[in-house]
Amino acid sequence: MTKIAFIGLGHMGLPMSKNLLAAGMEVRGFDLSAEALKSFSAAGGTGFSSVAEAVLGADAIITMLPNAAIVGAVYADVFKAAKPGALLIDSSTIDVATARSVACKAEEHGFEMVDAPVSGGVGGAEAGTLAFMVGGSDTAFKRAETILKPMAGKIVHCGQAGNGQAAKACNNMLLAISMIGVSEAFNLGRSLGLDDQTFFDVASNASGQCWSMTSYCPAPGPVPTAPSNNDYKPGFATALMLKDLGIAMDAAQSTGANTPLGAMSREIYAQMDKDGNGGVDFSGVIKHLTGEL
Ligand code: NAD
(Lines give C-alpha, C1' and ligand atoms only; values in the text may rest on other atoms or scores of the structure.)
Protein backbone atom coordinates (compact mmCIF):
# COMPACT_ATOMS: atom_id res chain seq x y z
CA MET A 1 0.00 0.00 0.00
CA THR A 2 1.29 3.48 -0.89
CA LYS A 3 2.21 5.36 2.27
CA ILE A 4 1.62 9.12 2.10
CA ALA A 5 2.49 11.80 4.66
CA PHE A 6 0.19 14.84 4.50
CA ILE A 7 1.34 18.04 6.24
CA GLY A 8 -1.22 20.86 6.59
CA LEU A 9 -4.74 19.55 7.13
CA GLY A 10 -6.71 22.79 6.84
CA HIS A 11 -9.62 23.81 4.56
CA MET A 12 -7.89 22.25 1.54
CA GLY A 13 -5.56 19.63 3.04
CA LEU A 14 -8.18 17.77 5.05
CA PRO A 15 -10.57 17.01 2.15
CA MET A 16 -7.60 16.26 -0.12
CA SER A 17 -6.23 13.73 2.39
CA LYS A 18 -9.71 12.17 2.68
CA ASN A 19 -9.68 11.46 -1.08
CA LEU A 20 -6.31 9.70 -0.72
CA LEU A 21 -7.74 7.59 2.10
CA ALA A 22 -10.80 6.78 -0.02
CA ALA A 23 -8.44 5.60 -2.80
CA GLY A 24 -6.99 3.03 -0.37
CA MET A 25 -3.74 4.82 0.49
CA GLU A 26 -2.29 4.83 3.99
CA VAL A 27 -2.16 8.48 5.06
CA ARG A 28 -0.07 9.80 7.96
CA GLY A 29 -0.80 13.40 8.91
CA PHE A 30 0.53 16.37 10.84
CA ASP A 31 -0.92 19.81 11.51
CA LEU A 32 -0.12 22.36 14.24
CA SER A 33 -3.85 22.53 14.97
CA ALA A 34 -5.14 19.83 17.33
CA GLU A 35 -8.63 20.38 15.89
CA ALA A 36 -7.42 19.63 12.34
CA LEU A 37 -5.60 16.49 13.51
CA LYS A 38 -8.75 15.32 15.29
CA SER A 39 -10.86 15.68 12.12
CA PHE A 40 -8.13 13.87 10.14
CA SER A 41 -8.09 10.93 12.61
CA ALA A 42 -11.90 10.78 12.55
CA ALA A 43 -11.69 10.39 8.74
CA GLY A 44 -9.40 7.36 9.05
CA GLY A 45 -5.95 8.98 8.90
CA THR A 46 -3.16 8.43 11.43
CA GLY A 47 -2.16 11.64 13.20
CA PHE A 48 1.35 12.40 14.50
CA SER A 49 2.74 15.16 16.69
CA SER A 50 5.57 16.38 14.45
CA VAL A 51 6.63 16.61 10.81
CA ALA A 52 9.53 14.22 11.52
CA GLU A 53 7.24 11.49 12.87
CA ALA A 54 4.61 11.89 10.14
CA VAL A 55 7.06 11.56 7.23
CA LEU A 56 8.84 8.49 8.66
CA GLY A 57 8.80 5.70 6.05
CA ALA A 58 6.41 7.57 3.69
CA ASP A 59 6.75 6.98 -0.08
CA ALA A 60 5.50 10.50 -0.81
CA ILE A 61 5.09 13.66 1.26
CA ILE A 62 2.43 16.24 0.38
CA THR A 63 2.33 19.71 1.93
CA MET A 64 -0.65 22.11 1.84
CA LEU A 65 0.49 25.09 3.92
CA PRO A 66 -0.40 28.78 4.24
CA ASN A 67 2.73 30.52 2.92
CA ALA A 68 6.32 30.35 1.64
CA ALA A 69 8.04 30.87 5.01
CA ILE A 70 6.15 27.93 6.52
CA VAL A 71 6.83 25.76 3.46
CA GLY A 72 10.59 26.48 3.80
CA ALA A 73 10.58 25.65 7.52
CA VAL A 74 8.57 22.43 7.11
CA TYR A 75 10.83 21.13 4.31
CA ALA A 76 13.93 21.73 6.48
CA ASP A 77 12.39 19.10 8.82
CA VAL A 78 11.27 16.87 5.94
CA PHE A 79 14.81 16.70 4.48
CA LYS A 80 16.15 15.38 7.80
CA ALA A 81 13.50 12.71 8.40
CA ALA A 82 12.11 11.49 5.06
CA LYS A 83 12.97 8.06 3.67
CA PRO A 84 15.59 8.17 0.86
CA GLY A 85 13.80 8.23 -2.50
CA ALA A 86 10.56 9.67 -1.11
CA LEU A 87 8.77 12.00 -3.56
CA LEU A 88 8.08 15.53 -2.27
CA ILE A 89 4.95 17.38 -3.49
CA ASP A 90 4.20 20.94 -2.38
CA SER A 91 0.62 21.92 -3.23
CA SER A 92 0.64 25.20 -1.26
CA THR A 93 0.36 28.44 -3.24
CA ILE A 94 3.71 30.21 -2.86
CA ASP A 95 6.05 32.39 -4.94
CA VAL A 96 8.01 30.92 -7.84
CA ALA A 97 11.44 31.84 -6.39
CA THR A 98 10.83 30.01 -3.09
CA ALA A 99 9.37 27.00 -4.92
CA ARG A 100 12.54 26.79 -7.05
CA SER A 101 14.84 27.25 -4.06
CA VAL A 102 13.10 24.52 -2.00
CA ALA A 103 13.19 22.17 -5.02
CA CYS A 104 16.91 22.89 -5.41
CA LYS A 105 17.54 22.07 -1.72
CA ALA A 106 15.48 18.88 -2.11
CA GLU A 107 17.74 17.84 -4.98
CA GLU A 108 20.84 18.54 -2.87
CA HIS A 109 19.37 16.19 -0.25
CA GLY A 110 18.74 13.53 -2.92
CA PHE A 111 14.94 13.93 -3.21
CA GLU A 112 12.77 14.44 -6.30
CA MET A 113 10.29 17.28 -5.79
CA VAL A 114 7.43 18.94 -7.65
CA ASP A 115 5.47 22.11 -6.98
CA ALA A 116 1.80 21.28 -7.58
CA PRO A 117 -0.48 24.19 -6.64
CA VAL A 118 -4.18 23.78 -7.28
CA SER A 119 -7.21 25.56 -8.62
CA GLY A 120 -10.77 24.59 -7.68
CA GLY A 121 -11.03 25.66 -4.05
CA VAL A 122 -12.56 23.76 -1.14
CA GLY A 123 -15.38 22.44 -3.38
CA GLY A 124 -12.84 20.93 -5.78
CA ALA A 125 -10.81 19.51 -2.87
CA GLU A 126 -13.93 17.80 -1.48
CA ALA A 127 -15.08 16.48 -4.85
CA GLY A 128 -11.59 15.30 -5.88
CA THR A 129 -11.71 17.48 -8.98
CA LEU A 130 -8.85 19.92 -8.35
CA ALA A 131 -6.75 21.17 -11.27
CA PHE A 132 -3.07 20.58 -10.44
CA MET A 133 -0.37 22.68 -12.14
CA VAL A 134 2.86 20.77 -11.77
CA GLY A 135 6.48 21.95 -12.05
CA GLY A 136 9.39 19.50 -12.00
CA SER A 137 11.31 16.93 -14.04
CA ASP A 138 9.53 14.42 -16.32
CA THR A 139 10.29 11.52 -13.95
CA ALA A 140 9.12 13.43 -10.86
CA PHE A 141 5.94 14.45 -12.72
CA LYS A 142 5.15 10.84 -13.70
CA ARG A 143 5.55 9.70 -10.09
CA ALA A 144 3.45 12.62 -8.81
CA GLU A 145 0.66 12.03 -11.33
CA THR A 146 -0.21 8.62 -9.83
CA ILE A 147 -0.43 10.06 -6.32
CA LEU A 148 -2.37 13.19 -7.28
CA LYS A 149 -4.99 11.33 -9.35
CA PRO A 150 -7.52 10.62 -6.52
CA MET A 151 -7.60 14.37 -5.74
CA ALA A 152 -7.65 15.64 -9.32
CA GLY A 153 -9.94 16.51 -12.21
CA LYS A 154 -6.98 17.66 -14.32
CA ILE A 155 -3.19 17.41 -13.92
CA VAL A 156 -0.98 19.51 -16.21
CA HIS A 157 2.82 19.31 -16.40
CA CYS A 158 3.89 22.95 -16.76
CA GLY A 159 7.66 22.40 -17.10
CA GLN A 160 10.61 22.80 -14.74
CA ALA A 161 10.46 23.31 -10.97
CA GLY A 162 8.50 26.47 -10.10
CA ASN A 163 6.47 26.45 -13.32
CA GLY A 164 3.38 25.11 -11.51
CA GLN A 165 3.48 28.19 -9.27
CA ALA A 166 4.10 30.39 -12.33
CA ALA A 167 0.96 29.01 -14.04
CA LYS A 168 -1.09 29.48 -10.87
CA ALA A 169 0.06 33.12 -10.43
CA CYS A 170 -0.73 33.98 -14.07
CA ASN A 171 -4.13 32.27 -13.98
CA ASN A 172 -5.23 33.98 -10.78
CA MET A 173 -4.04 37.40 -11.97
CA LEU A 174 -6.21 36.89 -15.06
CA LEU A 175 -9.12 35.77 -12.87
CA ALA A 176 -8.86 38.90 -10.69
CA ILE A 177 -8.81 41.15 -13.75
CA SER A 178 -11.73 39.38 -15.44
CA MET A 179 -13.86 39.43 -12.26
CA ILE A 180 -13.36 43.19 -11.93
CA GLY A 181 -14.11 43.62 -15.65
CA VAL A 182 -17.36 41.64 -15.44
CA SER A 183 -18.35 43.55 -12.29
CA GLU A 184 -17.74 46.92 -13.93
CA ALA A 185 -19.84 45.87 -16.93
CA PHE A 186 -22.81 44.89 -14.74
CA ASN A 187 -22.51 48.11 -12.72
CA LEU A 188 -22.39 50.25 -15.88
CA GLY A 189 -25.32 48.29 -17.35
CA ARG A 190 -27.40 48.90 -14.22
CA SER A 191 -26.60 52.64 -14.32
CA LEU A 192 -27.92 52.66 -17.91
CA GLY A 193 -31.14 50.84 -16.97
CA LEU A 194 -30.06 47.39 -18.22
CA ASP A 195 -31.48 44.40 -16.37
CA ASP A 196 -28.79 41.98 -14.97
CA GLN A 197 -30.33 38.86 -16.54
CA THR A 198 -30.71 40.59 -19.91
CA PHE A 199 -27.09 41.71 -19.90
CA PHE A 200 -26.01 38.19 -18.84
CA ASP A 201 -28.01 36.65 -21.74
CA VAL A 202 -26.20 38.96 -24.16
CA ALA A 203 -22.65 38.88 -22.74
CA SER A 204 -22.55 35.15 -21.99
CA ASN A 205 -23.25 34.53 -25.68
CA ALA A 206 -21.12 37.36 -27.02
CA SER A 207 -17.46 38.40 -26.98
CA GLY A 208 -17.64 39.39 -23.27
CA GLN A 209 -18.06 35.72 -22.34
CA CYS A 210 -15.59 34.37 -19.73
CA TRP A 211 -15.54 32.11 -16.62
CA SER A 212 -16.16 35.05 -14.26
CA MET A 213 -19.34 35.73 -16.21
CA THR A 214 -20.72 32.27 -17.00
CA SER A 215 -19.60 30.15 -14.02
CA TYR A 216 -19.16 32.63 -11.18
CA CYS A 217 -21.35 35.59 -12.12
CA PRO A 218 -20.89 38.43 -9.56
CA ALA A 219 -24.47 39.66 -10.13
CA PRO A 220 -27.00 37.53 -8.23
CA GLY A 221 -29.48 35.54 -10.31
CA PRO A 222 -28.08 34.25 -13.61
CA VAL A 223 -25.74 31.55 -12.17
CA PRO A 224 -27.51 29.89 -9.19
CA THR A 225 -24.35 28.20 -7.79
CA ALA A 226 -22.32 31.46 -7.69
CA PRO A 227 -21.48 32.99 -4.25
CA SER A 228 -23.41 36.14 -5.35
CA ASN A 229 -26.58 34.13 -4.53
CA ASN A 230 -25.24 33.24 -1.08
CA ASP A 231 -24.50 36.70 0.30
CA TYR A 232 -20.98 36.51 -1.22
CA LYS A 233 -19.80 33.88 1.24
CA PRO A 234 -16.60 32.22 -0.09
CA GLY A 235 -15.97 30.39 -2.39
CA PHE A 236 -12.66 32.08 -2.79
CA ALA A 237 -12.07 34.76 -0.18
CA THR A 238 -10.77 38.23 -1.09
CA ALA A 239 -7.80 37.73 1.29
CA LEU A 240 -6.69 34.62 -0.66
CA MET A 241 -7.04 36.47 -3.99
CA LEU A 242 -4.96 39.30 -2.53
CA LYS A 243 -2.25 36.81 -1.49
CA ASP A 244 -2.14 35.38 -5.04
CA LEU A 245 -2.01 38.86 -6.61
CA GLY A 246 0.92 39.70 -4.32
CA ILE A 247 2.76 36.64 -5.66
CA ALA A 248 1.94 37.62 -9.26
CA MET A 249 3.02 41.25 -8.81
CA ASP A 250 6.29 40.28 -7.07
CA ALA A 251 6.98 37.96 -10.01
CA ALA A 252 6.15 40.74 -12.51
CA GLN A 253 8.54 43.08 -10.71
CA SER A 254 11.37 40.55 -10.61
CA THR A 255 11.04 39.66 -14.31
CA GLY A 256 10.16 43.16 -15.59
CA ALA A 257 6.87 41.94 -17.14
CA ASN A 258 4.42 44.81 -17.75
CA THR A 259 1.15 43.99 -15.91
CA PRO A 260 -0.71 47.29 -15.30
CA LEU A 261 -4.15 45.68 -14.91
CA GLY A 262 -2.73 43.11 -12.50
CA ALA A 263 -1.32 45.97 -10.40
CA MET A 264 -4.63 47.83 -10.45
CA SER A 265 -6.52 44.66 -9.48
CA ARG A 266 -4.23 44.21 -6.51
CA GLU A 267 -4.93 47.80 -5.38
CA ILE A 268 -8.69 47.21 -5.63
CA TYR A 269 -8.60 43.92 -3.68
CA ALA A 270 -6.18 45.44 -1.11
CA GLN A 271 -8.69 48.24 -0.48
CA MET A 272 -11.53 45.72 -0.15
CA ASP A 273 -9.44 43.78 2.40
CA LYS A 274 -8.53 47.01 4.26
CA ASP A 275 -12.23 47.86 4.51
CA GLY A 276 -12.70 44.68 6.56
CA ASN A 277 -14.00 42.51 3.71
CA GLY A 278 -11.11 40.03 3.38
CA GLY A 279 -13.46 37.19 4.27
CA VAL A 280 -15.98 38.10 1.55
CA ASP A 281 -15.88 36.14 -1.71
CA PHE A 282 -13.74 37.92 -4.34
CA SER A 283 -16.81 38.31 -6.59
CA GLY A 284 -18.12 40.74 -3.92
CA VAL A 285 -15.88 43.27 -5.69
CA ILE A 286 -19.05 44.17 -7.66
CA LYS A 287 -20.42 45.76 -4.47
CA HIS A 288 -17.06 47.18 -3.41
CA LEU A 289 -16.92 49.10 -6.71
CA THR A 290 -20.28 50.79 -6.03
CA GLY A 291 -19.42 51.53 -2.41
CA GLU A 292 -22.14 49.17 -1.11
CA LEU A 293 -19.48 47.03 0.63
P1 NAD B 1 -5.74 26.75 5.98
O2 NAD B 1 -5.21 27.87 6.78
O3 NAD B 1 -7.14 26.31 6.15
O4 NAD B 1 -4.81 25.44 6.20
C5 NAD B 1 -3.44 25.48 6.42
C6 NAD B 1 -3.14 24.47 7.53
O7 NAD B 1 -1.72 24.43 7.72
C8 NAD B 1 -3.76 24.87 8.88
O9 NAD B 1 -4.55 23.80 9.37
C10 NAD B 1 -2.55 25.14 9.78
O11 NAD B 1 -2.75 24.77 11.13
C12 NAD B 1 -1.50 24.28 9.12
N13 NAD B 1 -0.12 24.68 9.44
C14 NAD B 1 0.39 25.94 9.51
N15 NAD B 1 1.71 25.88 9.82
C16 NAD B 1 2.01 24.56 9.94
C17 NAD B 1 3.21 23.86 10.24
N18 NAD B 1 4.36 24.50 10.48
N19 NAD B 1 3.18 22.52 10.29
C20 NAD B 1 2.01 21.85 10.06
N21 NAD B 1 0.83 22.46 9.77
C22 NAD B 1 0.85 23.80 9.70
O23 NAD B 1 -5.44 27.13 4.45
P24 NAD B 1 -6.09 26.45 3.14
O25 NAD B 1 -7.27 27.26 2.72
O26 NAD B 1 -6.20 24.98 3.35
O27 NAD B 1 -4.93 26.77 2.09
C28 NAD B 1 -3.73 26.03 2.04
C29 NAD B 1 -2.96 26.45 0.80
O30 NAD B 1 -3.75 26.23 -0.36
C31 NAD B 1 -2.58 27.93 0.77
O32 NAD B 1 -1.29 28.07 0.26
C33 NAD B 1 -3.64 28.56 -0.14
O34 NAD B 1 -3.19 29.73 -0.77
C35 NAD B 1 -3.86 27.42 -1.12
N36 NAD B 1 -5.17 27.42 -1.78
C37 NAD B 1 -6.31 27.62 -1.07
C38 NAD B 1 -7.55 27.61 -1.72
C39 NAD B 1 -8.84 27.82 -0.95
O40 NAD B 1 -9.88 28.02 -1.60
N41 NAD B 1 -8.84 27.75 0.37
C42 NAD B 1 -7.60 27.38 -3.11
C43 NAD B 1 -6.42 27.13 -3.81
C44 NAD B 1 -5.21 27.16 -3.13
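Computed from a prediction, not measured in an experiment: that's the story for all the values here. (Residues numbered from 1 in each chain as written. Predicted model: local features only at pLDDT ≥ 70, side-chain atom pairs only at ≥ 80, totals over all residues. Heavy atoms only, no water.)

1. Re the nonpolar core
As a reminder of what qualifies: For our purposes a nonpolar core is just a set of buried Ala, Val, Leu, Ile, Met, Phe, Trp, Tyr and Cys residues, chained together by side-chain atoms within 4.5 Å. Partly exposed describes any residue whose relative accessible area lies between the buried limit of under 20% and the exposed limit of over 50%, with all areas from a 1.4 Å probe on protein chains only and scaled to the type maximum. By the criteria applied, helices consist of DSSP H or I runs no shorter than four residues and strands consist of E runs no shorter than two, each listed in order from the N terminus. Any pair of residues with heavy atoms lying within 4.5 Å of one another is described as a contacting pair.
Core analysis: the largest hydrophobic core is formed by 33 residues, its most contacted members being Phe6, Met16, Ile89, Phe132 and Leu148. Of the residues forming this core, the biggest block, five residues, is contributed by helix H7 (residues 138-148). Every residue in contact with Leu148, bar those within four places of it in the chain, is listed here: Ile89, Ala116, Phe132, Val134 and Ile155. By size, the runner-up hydrophobic cluster in this structure holds 32 residues, among which are Ala176, Ala203, Met241 and Ile247.

2. A short note on the pairing of strand S4 (residues 60-63)
Here is the rule we go by: Pairing between strands is defined by DSSP: at least two bridges between them are needed. Seen with its strands pointing away from the viewer, a crossover is right-handed when the path leading from the first strand over the helix to the second is clockwise.
Both faces of S4 are covered, namely the face carrying Ala60 and Ile62 and the face carrying Ile61 and Thr63. Relative to S4, strand S1 (residues 3-7) is paired through four bridges, and the arrangement is parallel. Counted as the bridge partner of Ile7 is Thr63 from S4. Alignment of S4 against strand S5 (residues 87-90), held across four bridges, turns out to be parallel. When the sheet's bridge partners are listed, Thr63 is paired in S5 with Asp90. Remark: the S4/helix H4 (residues 68-81)/S5 crossover connection has right-handed handedness.

3. Thoughts on the packing of aromatic side chains
This is how it is decided: Between 30 and 60 degrees the pair is tilted, below 30 it is stacked and above 60 it is edge-to-face, where a pair is any two Phe, Tyr or Trp rings, Trp via its six-membered ring, whose centres lie within 6.5 Å.
Taken as a whole and assessed by the stated rule, the structure comprises seven aromatic pairs. Ring centres of Trp211 and Tyr216 lie 4.9 Å apart, and the angle between their planes is 25 degrees; on these two criteria the pair is classed as stacked. Classification of Tyr216 as buried rests on a relative accessible area of 12%. With a centroid separation of 5.7 Å and an interplanar angle of 75 degrees, the aromatic rings of Phe236 and Phe282 are classed as edge-to-face. With Phe236 in the loop between helix H10 (211-214) and helix H11 (238-255) and Phe282 in the loop between helix H12 (260-277) and helix H13 (285-290), this residue pair connects regions lying 46 residues apart in the sequence. By the burial criterion, Phe236 is buried, and Phe282 matches it. A connected cluster of aromatic rings, assembled from ring pairs, spans Trp211, Tyr216, Phe236, Tyr269 and Phe282.

4. Observations concerning empty space enclosed by the protein
Test applied: Using a 1 Å grid laid over the protein atoms alone, points where a 1.4 Å probe fits but cannot get out form a cavity; open sets with protein on both sides within 12 Å along at least 5 of 7 lines form a pocket; any residue with an atom within 4 Å of a point counts as lining. Grid points are joined across faces, edges and corners, and a volume is the space filled by probe spheres set on the points.
As enumerated under the stated definition, the model contains one cavity of 30 Å³ or more in all. When its volume is computed, the largest cavity comes out at roughly 40 Å³. Among the secondary structure elements, those contributing two or more residues to the lining of the largest cavity are helix H5 (96-108) and strand S6 (112-115).

5. Some words on the domain arrangement of the chain
Threshold: Source of the domain bounds: an automatic or database domain assignment. Joining two parts hides part of their accessible area as seen by a 1.4 Å probe, and the buried area is that hidden amount summed over both. We define a salt bridge as a side-chain nitrogen of Lys or Arg found within 4 Å of a carboxyl oxygen belonging to Asp or Glu.
Taken domain by domain, the chain comprises domain 1 (3-160) and domain 2 (166-288). With 11 residues of domain 1 at the contact, the number on the domain 2 side is seven residues. When the two sides are added together, the surface that domain 1 and domain 2 hide from each other amounts to roughly 710 Å², 67% of it contributed by carbon and sulfur. The largest contributions to the domain 1 side of the interface with domain 2 come from Thr93, Val96 and Met133, which together make up 52% of the buried area. Connecting domain 1 to domain 2 are zero salt bridges.

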